[in-house]
Amino acid sequence: MSKRSAAAVLTAALCAAAPAHAELYYLIIGGLGGEAGYDEQFAKDTEALAAVARRSTAASRVMLLQGEGATREAVTSSLDSLRTRAKAADSLVVMLIGHGSYDGEAYKLNLPGPDIDGEEFAKLLAAVPARSQLVVNTTSASGAVLEKWAAEGRTLITATRSGFERNATRFAQHFAAALAAGSADINKNGAITAQEAFDYASRSVADSFEKDGGLATEHPQIAGAAAGRFTVARLASAGPPVDASAANPAVAALVAEREKLDADIEALRARRESMANDAYLAELQKLLVQLADVQGKIDAAQPRPPQ
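Residues numbered from 1 in each chain as written. Predicted model: local features only at pLDDT ≥ 70, side-chain atom pairs only at ≥ 80, totals over all residues. Heavy atoms only, no water.

### What about the sheet that holds strand E1 (residues 24–30)?
As summarised here, the arrangement of the six strands in space is E2-E1-E3-E7-E8-E10, forming an open sheet in which the pairing is mixed. Single-partner strands in this sheet number two, and they are strand E2 (62–66) and strand E10 (221–223). For this sheet, the mean inter-axis angle between neighbouring strands, taken without regard to orientation, is 5 degrees. Sheet analysis places strand E8 (residues 154–158) next to E10, joined by three bridges and oriented antiparallel. Within E10, the position partnered with Leu156 by the bridge is Ala223. Together, E1, E2 and strand E3 (91–97) form the strand contacts of helix H2 (residues 36–56), whose direction differs from that of E2 by roughly 175 degrees. In the packing of helix H5 (residues 171–180) onto the sheet, the strands contacted are E3, strand E7 (132–137) and E8, and the crossing angle to E3 comes to about 140 degrees. (Pairing = 2+ DSSP bridges. Helix = DSSP H or I, 4+ residues; strand = E, 2+ residues; numbered from the N terminus. Axes fitted to C-alpha atoms, helices over the stretch in contact; angles between N-to-C directions. Contact = heavy atoms within 4.5 Å.)

In structure tokens, the structure reads:
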């Protein structure tokens, strides 16, 4: 079989396996502030993030829980709904705004009525079949979940580096600004990745403390291999999101190939301790080169926003 024929067979197989269209879902949870100033700020941050979500995907795929409506029951119900609505090929963004607490053992998201603890929340997240997930926890003490919420295919952003940074955070407002700001779009492609938003917001947080002349009480963290590829928002000037793979079988095949390479990289990293270092690095480099090549072809197929 010629290389061209083999490539055609591979493309056909990937097309058959690839979903016709992958959706992007958002769940945005804005908890209670406990006092007027925090209530106002949390509501403002939550609405700003919801506005970004609605311009990045269909409004029917944006779930917003806010204030008195953001109860433990509502959170559980929303994630249970996503368990049945979302498919494996879909992507999920979950954003938490408000106060968190940590007693040295358990993290809790403060909600009207009973709080929800980190262990329960992690189980609800794990039940959502979307393989690509971004969880942005902007609450105080959010760093307590860095290890416990880690999962394959999940990018995790927290406002603090541990559960012991317990002051109300500034990260949410700066993260919302990052998603709305063209300056956060480093490669100027009309879309903002999780990594771009994190870099912009974390710099802004550090700058705000420096400007105030005080010691920083929060140190944002990010974990997950796909942060640079996860598009969390589109700029208003970029227009509605376009999924080139929906109309182009060749791109659908590339998307499927990218997902397989992502899985291969995660599997390789899981085997690192059992491999010789040179062998691990050689295999990782080979996969990263292949991934960069595939991503470049996908990017080239995407319509460019007007300049």
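This is not the end of the story, as more comes after the structure.
### Things to note about the packing of H2 against H5
Where H2 meets H5, the axes come as close as 9 Å, and the angle between the chain directions of the two elements is 25 degrees. The angle between the axes of H2 and H5 places the two elements in the roughly parallel class. Between H2 and H5 lies a crossing whose hand is left-handed. Residues Gln41, Asp45, Ala48, Leu49, Val52 and Arg55 of H2 form the contact with H5, whose participating residues are Ala172, Gln173, Phe175, Ala176, Leu179 and Ala180. Class assignment of the residues belonging to the contact of H2 with H5 gives a composition of eight nonpolar, two polar and two charged. (Parallel < 35°, antiparallel > 145°, perpendicular 65-115°, else oblique. Left-handed = near helix turned anticlockwise from the far one by under 90°. Nonpolar A, V, L, I, M, F, W, Y, C, P; charged D, E, K, R; others polar.)

### Quick notes on H5
Most of H5 is tucked away, with seven of its ten residues classed as buried. Among the residues making up H5, those that are buried are Phe171, Ala172, His174, Phe175, Ala176, Ala178 and Leu179. (Buried < 20%, exposed > 50% of the residue type's maximum accessible area, 1.4 Å probe, protein only.)

### Some words on the packing of H5 against helix H6 (residues 194–212)
Where H5 meets H6, the axes come as close as 8 Å, and the angle between the chain directions of the two elements is 135 degrees. By the angle between their directions, the pair H5 and H6 is classed as oblique. Where H5 crosses over H6, the handedness of that crossing is right-handed. Contacts between H5 and H6 involve Phe171, His174, Phe175, Ala177, Ala178 and Leu179 from the first element and Ala197, Phe198, Tyr200, Ala201, Ser202, Ser204, Val205 and Ser208 from the second. When the residues that make up the contact of H5 with H6 are grouped by side-chain class, the tally is ten nonpolar, four polar and no charged.

### Remarks on the pattern of salt bridges
All told, the structure shown has nine salt bridges when counted by the stated rule. We note a salt bridge from Glu120 to Arg72, for which the minimum N-O separation is 2.9 Å. Of this pair, Glu120 sits in helix H4 (residues 118–126) while Arg72 sits in helix H3 (residues 72–85), placing them 48 residues apart in sequence. Residue classification places Glu120 among the partly exposed residues on the basis of a relative accessible area of 22%. (Salt bridge = Lys/Arg side-chain N within 4 Å of Asp/Glu carboxyl O.)

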